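# Examination of the molecular architecture
One letter stands for each residue in the lines below.
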Amino acid sequence: VIGGDCSIVLGSLLGATSVGQRIGLAYIDGHADFATPQESLTGSAASMCLALAVGRGDSPLARLAGSKPLVRPEDVVLIGRRDEGQSYGHEALASSGILDMPGAVLVARTGPGVAAAALERLARPELDGFWIHVDADVLDAQLMTAVDSPEPGGPDLDELAALIAPLARHPKALGMQLTIYDPALAPDRACGARLVTLLEMVL
């Protein structure tokens, strides 16, 4: 699934749950997106969509699957965030049960190492599969300027592809989304070309 902002993960997960009762989520993003409507400084669903996906907060969007969340926190891996000190629900994230591997972990363990750790959670027998969310702002901000909330640092194309490829090629992978790219922020389309290259490398 290509396009939109991070909130499309809610629709993607709702569709992916049609293949099984319990699915996992690899959330690869420069931000935690774990705020509630009360905590978010922008009021944007994109700043709270991971929280909504696990049922956090008093919002109809957190109840799309009825009484249970779209995905359980213990079935989620958050990879690559570089948003320390910002209002993305970090305190709640720390006690949520989500496996949080921020940008520093990605640097220290490299893409394949982080992917292996993620698959220990995502490929468990009790899960019917997992969805992969990729926000373009997880990339190095100097390479990917066509995003609305760039963060300093981040992996390059090779490093990000090395992380995503083992996930996307796993038999339990149900699908993947790539979001946040805004061509208006890079009129030369160079950032778009980089994302095409990324997809070619992964797929």
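All residue numbers refer to positions counted from 1 along the written sequence of the respective chain. Residue-level local features of this predicted model are given only where pLDDT is at least 70; pairs of side-chain atoms are given and counted only at 80 or more, and the full residue set underlies all totals for whole chains, interfaces and linings. Excluding hydrogens and water, the side-chain figures rest on all heavy atoms present in the structure.

Quick look at the side chain of Asp 75 now. Runs of E in the DSSP output that reach at least two residues are strands. Runs of H or I that reach at least four are helices, and both are numbered from the N terminus. Secondary-structure assignment places Asp 75 in the loop between helix H2 (49-53) and strand S2 (76-79). Assessed through its relative accessible area of 0%, Asp 75 is described here as buried. Between N or O atoms, a polar contact is any pair within 3.5 Å; within protein, one atom must be a potential hydrogen donor and the other a potential acceptor, and residues adjacent in sequence are included only when both atoms are from side chains. In this structure the side chain of Asp 75 is engaged in a polar contact, spanning 2.7 Å, whose partner is the side chain of Arg 22. Leave out the neighbours within four places in its chain, and Asp 75 touches Arg 22, Ile 23, Gly 24, Leu 25, Arg 121, Leu 122, Arg 124 and Leu 127. Burial here depends on accessible area, computed with a 1.4 Å probe over protein chains only, as a share of the maximum for the residue type. Under 20% is buried, over 50% is exposed, and the range in between is partly exposed. Pairs of residues are marked as contacts when any of their non-hydrogen atoms sit within 4.5 Å.

Along the chain, Asp 148 falls in the loop between strand S4 (130-135) and helix H5 (157-168). When its relative accessible area of 54% is taken as the criterion, Asp 148 is described as exposed. Here the alpha-carbon distance between Asp 148 and Ile 180, two residues 32 residues apart in the chain, equals 7.4 Å.

Helix axes are fitted to C-alpha atoms over the stretch in contact, other axes to C-alpha atoms as well, and angles between N-to-C directions run from 0 to 180 degrees. The N-to-C vectors of H5 and helix H6 (residues 190-202) enclose an angle of 40°; their axes lie 8 Å apart at closest approach. By the criterion of interaxial angle, the relationship of H5 to H6 is oblique. Helix-helix and strand crossings are classified by hand; for H5 and H6 the assignment is right-handed. Across from Leu 157, Asp 158, Leu 160, Ala 161, Ile 164, Ala 165 and Ala 168 in H5, the residues of H6 making contact are Arg 194, Thr 197, Leu 198, Met 201 and Val 202. Angle categories are assigned with fixed cut-offs, so that under 35 degrees is roughly parallel, over 145 is roughly antiparallel, 65 to 115 is roughly perpendicular, and the rest are oblique. Put simply, a crossing is left-handed when the front helix is turned counterclockwise from the back one by less than a right angle, and right-handed when it is turned clockwise.

What follows deals with the pairing of S4. Here S4 lies mainly inside the structure; six of its six residues are buried. Residues of S4 alternate between two faces, with Phe 130, Ile 132 and Val 134 on one and Trp 131, His 133 and Asp 135 on the opposite face, all of them buried. Direction of pairing for strand S1 (residues 24-28) relative to S4: parallel, over a ladder of five bridges. Within S4, the residue paired with Ala 26 across the bridge is Ile 132. For two strands to pair, DSSP has to find at least two bridges joining them. Alignment of S4 against strand S5 (residues 173-179), held across six bridges, turns out to be parallel.

This next bit is on the packing of helix H4 (residues 103-122) against H5. Two elements in contact, H4 and H5, have axes whose closest approach is 9 Å; the angle formed by their N-to-C orientations is 15°. One finds that H4 runs roughly parallel with respect to H5. In the crossing of H4 with H5, the sense of the turn from one axis to the other is right-handed. Between H4 and H5, the residues in contact are Leu 106, Gly 111, Pro 112, Val 114, Ala 115, Ala 118, Leu 119 and Leu 122 and Glu 159, Ala 162, Leu 163, Pro 166 and Leu 167, respectively.

Glancing now at the pattern of salt bridges. Definition used for salt bridges: Asp or Glu carboxyl oxygen within 4 Å of a side-chain nitrogen of Lys or Arg. Per the stated rule, a full pass over the model turns up seven salt bridges. Between Arg 81 and Asp 83 there is a salt bridge, with the nearest N and O atoms lying 3.0 Å from each other. Both residues of the pair, Arg 81 and Asp 83, belong to the buried class. Through salt bridges with shared partners, one network takes in Arg 22, Asp 75, Arg 124 and Glu 126.

This next bit is on the sheet that holds strand S3 (residues 99-101). Sheet strands line up and pair through hydrogen bonds in the backbone, either parallel or antiparallel. In spatial order, the strands read S3-S2-S1-S4-S5; together these five strands make up an open sheet with parallel pairing. Here the strands that pair on one side only, and so sit at the sheet edges, are S3 and S5. On average, each strand axis in the sheet is tilted by 10° relative to the strand beside it, whichever way the strands run. In this structure, S2 lies alongside S3, joined through three bridges in parallel fashion. Following the sheet pairing, Val 77 is matched in S3 by Leu 99. Helix-sheet contacts for H5 involve S1, S2, S4 and S5, and the interaxial angle to S1 is about 170°.

We now examine the nonpolar core. Residues enter a nonpolar core if they are buried and are Ala, Val, Leu, Ile, Met, Phe, Trp, Tyr or Cys, with the set joined through side-chain atoms within 4.5 Å. Judged by nonpolar contacts, the single largest core of 63 residues is most densely connected at Leu 13, Leu 25, Ile 28 and Leu 167. Broken down by element, the residue count for this core peaks at seven residues, all from H4. Discounting chain neighbours no more than four positions away, the residues touching Ile 28 are Ile 79, Ile 132, His 133, Val 134, Asp 135, Val 138, Leu 160, Leu 163, Ile 164 and Leu 167.

So, on to the side chain of His 31. Its location among the elements puts His 31 in the loop between S1 and H2. Among the residues examined, His 31 registers a relative accessible area of 3% and is labelled buried. Within polar-contact distance, the side chain of His 31 engages the side chain of Asp 137 at 3.0 Å.

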